[in-house]
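Read off the chains here:
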Amino acid sequence: FFARMFVQVCLYFYCKCLWRCLKFVVRKLTGRCELQRICYNTKPGAARTMKIEASLKGSKSKRLQTSVSVHPDAIEKTIDDIMELKRINPDINPQLGVSLQACLLQIVGYRNLIAEVEKLRREPYDSENPQHEEMLLKLWKCLKPNLPLKARISKQWCEIGFQGDDPKTDFRGMGLLGLYNLVYFAEWDTEVAQQVLSDSLQPKYSQLSKAEWEKKKFDKAIGYSFAIVGINITDLAYNLLVSGALKTHFYNVAPEAPTLTHFQQTFCYLMHEFHKFWIEEDPLDIMEFNRVREKFHKRILKQLQNPEMALCPHFAASESLINM
């Protein structure tokens, strides 16, 4: 065991030293540092930004390492520091500063987005907070516009997929983040949200694609609790974000810093895709939910391994992403 550990440590330091020597030689031969080579040889998007991020984090310079976590207002100053440290003349390389700035905006923005999402996730639903209550009632109105809610505490909440007569208890896992996502889906992509809700209640009679249903004979298709699944998919989106898997998507669709809106649009996409995936899997009962969810999670992760991947939603809420 100790011999193996010793060999691994030696191999690590050897490769690290060899890599630094190789970078030095390449710079001397090309006249460009690693950051320049990445910006000039890699097209904008996730491929470039992720390489820049890895280069800065792996630098032996503390100033470069910390550049990925600066405040957005300090990015221009940080770019000047990088150019000075790398001895790059900005007059000769004007485009380099622009490219680095775009990459840093995405990198720093992604870190800030995680913090913003985490704050919402940690904030519990408070029935004494008028804003929280207003959002919850908006969710009902968007999903059931023609059916008035008889009372705040009501069994009617089960009709949109909550477990009991008071939805506040269902938000414990994801806090306000779950509510924010559900309201965004219901408000900004109302038609699709209402259709998914309808299908989740009566999957056998779905009108989403009648010809396809008849062709594949989804006679055994079962429903699921829309709101509970929405909170669960929020958890899936949250884990994709925190793990860094969503960097591929956000760096490809957000020209600058990704925002909470980008995250919520991604949630809408995941809800839409999970619904279709659930129908395709045709589970025997709701007890198969975790299996289907895990399989869906692996599919999304595989898609996001492609550096050119952008989750392109097929709904109105994210047309702006497609246009970008």
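As named in an unreviewed UniProt entry, the chain is ELMD1 protein, taken from Atlantisia rogersi.

Draft legend 1. Representation of the overall build of the chain in the model. A count of helical and extended segments in the chain gives 15 helices and 0 strands. Residues counted as buried form 46% of the 324 residues belonging to the chain. Contacts in the chain between residues at least 24 apart in sequence constitute 66% of all its contacts with a sequence separation of at least 6. Total accessible area on the chain stands at roughly 17800 Å², and carbon and sulfur atoms take up 55% of it.

Draft legend 2. Quick look at the packing of aromatic side chains. Under the definition given, this model contains 16 aromatic pairs. Aromatic pair Tyr125 and Phe171: ring centres 5.6 Å apart, planes at 25 degrees, arrangement stacked. Here Tyr125, found in the loop between helix H6 (94-122) and helix H7 (130-143), pairs with Phe171, found in the loop between H7 and helix H8 (175-188); they are 46 residues apart in sequence, far enough to count as distant. Ring pairing ties together the aromatic residues Tyr224, Phe274, Phe277, Trp278, Phe289 and Phe296, which thus form one cluster. Above the face of the Tyr110 ring, Lys247 is positioned so that its terminal group lies 5.7 Å from the ring centre.

Draft legend 3. Molecular detail of a nonpolar patch on the surface. Taken together, the side chains of Phe1, Phe2 and Met5 present a nonpolar region at the surface, about 400 Å² in accessible area. Looking at the secondary structure, you find Phe1 in the segment before helix H1 (2-30).

Draft legend 4. Layout of the pattern of salt bridges. Scanning all chains against the criterion turns up 16 salt bridges. Close ionic contact of Lys43 with Glu308 constitutes a salt bridge, the shortest N to O distance being 3.4 Å. A residue pair is termed long-range when its members are at least 10 positions apart, and Lys43 in the loop between helix H2 (34-41) and helix H3 (46-57) and Glu308 in the loop between helix H14 (289-304) and helix H15 (319-323) qualify at 265 residues. Comparing Lys43 with Glu308, the two get one shared label, exposed. Here Lys295 ties to Glu281 by a salt bridge, and the two come within 3.2 Å at their closest N and O atoms.

Draft legend 5. Structural detail: H2. For H2, the buried fraction is high: 6 of the 8 residues fall into the buried class. Residues Glu34, Leu35, Gln36, Arg37, Ile38 and Cys39 constitute the buried set of H2.

Draft legend 6. Looking closely at the nonpolar core. Counting 85 residues, the largest nonpolar core has Ile52, Leu139, Leu179, Phe263 and Leu270 as the members making the most contacts within it. Both of domain 1 (32-121) and domain 2 (128-305) provide at least three residues apiece to this core. When neighbours within four sequence positions are excluded, Phe263 is seen to be in contact with Leu113, Val117, Leu177, Asn181, Ala237, Tyr238, Leu241 and Phe250.

Draft legend 7. Representation of the packing of H3 against H6 within the structure. Relative orientation of the contacting elements H3 and H6 amounts to 85 degrees, with a least axis distance of 9 Å. One way to sum up the angle between H3 and H6 is to call them roughly perpendicular. Counting all contacts with H3, which are made through Arg48, Thr49, Ile52, Glu53 and Leu56, the residues of H6 involved are Ser99, Leu100, Cys103, Leu104, Gln106 and Ile107. Grouping the constituent residues of the contact of H3 with H6 by class yields 6 nonpolar, 3 polar and 2 charged.

Draft legend 8. The arrangement of the packing of H6 against H8 in detail. In contact at an axis separation of 3 Å, H6 and H8 are set at 105 degrees when each is read in the N-to-C sense. One finds that H6 runs roughly perpendicular with respect to H8. Between H6 and H8, the contacting residues are Val117, Leu120 and Arg121 on the first element and Gly175, Leu176, Leu177 and Tyr180 on the second. Here the residues of the contact of H6 with H8 are counted per class, giving 5 nonpolar, 1 polar and 1 charged.

What counts, and where the lines are drawn
Along each chain, residues carry numbers from 1 onward, in the same order as the chain's sequence is written. Local features in this predicted model are restricted to residues of pLDDT 70 or higher, and side-chain atom pairs are both shown and tallied only at a pLDDT of 80 or more, whereas totals for entire chains, interfaces and linings draw on every residue. For side-chain calculations, the full set of non-hydrogen atoms in the structure is used, while hydrogens and water are omitted. Labels follow the DSSP assignment, with helices taken as runs of H or I lasting at least four residues and strands as runs of E lasting at least two, numbered in each case from the N terminus. Residue burial is assigned from relative accessible area. The probe radius is 1.4 Å, only protein chains are included, and a residue is buried under 20% of its type maximum, exposed over 50%, and partly exposed in between. Whether two residues are in contact is decided by their heavy atoms: any pair within 4.5 Å suffices. To be clear on the numbers: accessible area is Shrake-Rupley with a 1.4 Å probe, and residue cover counts the displayed protein chains and nothing else. Each aromatic pair joins two rings of Phe, Tyr and Trp (for Trp, the six-membered one) with centres within 6.5 Å, and gets the label stacked for planes under 30 degrees apart, edge-to-face for over 60, and tilted for any other angle. Remark: a charge is flagged as sitting over a ring if the NZ atom of Lys or the CZ atom of Arg is within 6 Å of the ring centre and within 35 degrees of the ring normal. Patches here are clusters of residues that have more than 30% relative accessible area and form no salt bridge, with a 9 Å joining cutoff for like charges and a 5 Å cutoff for nonpolar side chains (Val, Leu, Ile, Met, Phe, Trp, Tyr). A pairing counts as a salt bridge when a side-chain nitrogen of Lys or Arg comes within 4 Å of a carboxyl oxygen of Asp or Glu. Residues enter a nonpolar core if they are buried and are Ala, Val, Leu, Ile, Met, Phe, Trp, Tyr or Cys, with the set joined through side-chain atoms within 4.5 Å. Domains are outlined according to an automatic or database domain assignment. Axis definition: a line fitted to C-alpha atoms, over the contacting stretch in the case of helices. Angles run 0 to 180 degrees between N-to-C directions. Oblique is the label for any angle not covered by the other classes, which are roughly parallel (under 35 degrees), roughly antiparallel (over 145) and roughly perpendicular (65 to 115). When residue character is reported, Ala, Val, Leu, Ile, Met, Phe, Trp, Tyr, Cys and Pro are called nonpolar, Asp, Glu, Lys and Arg charged, and the others, Gly included, polar.

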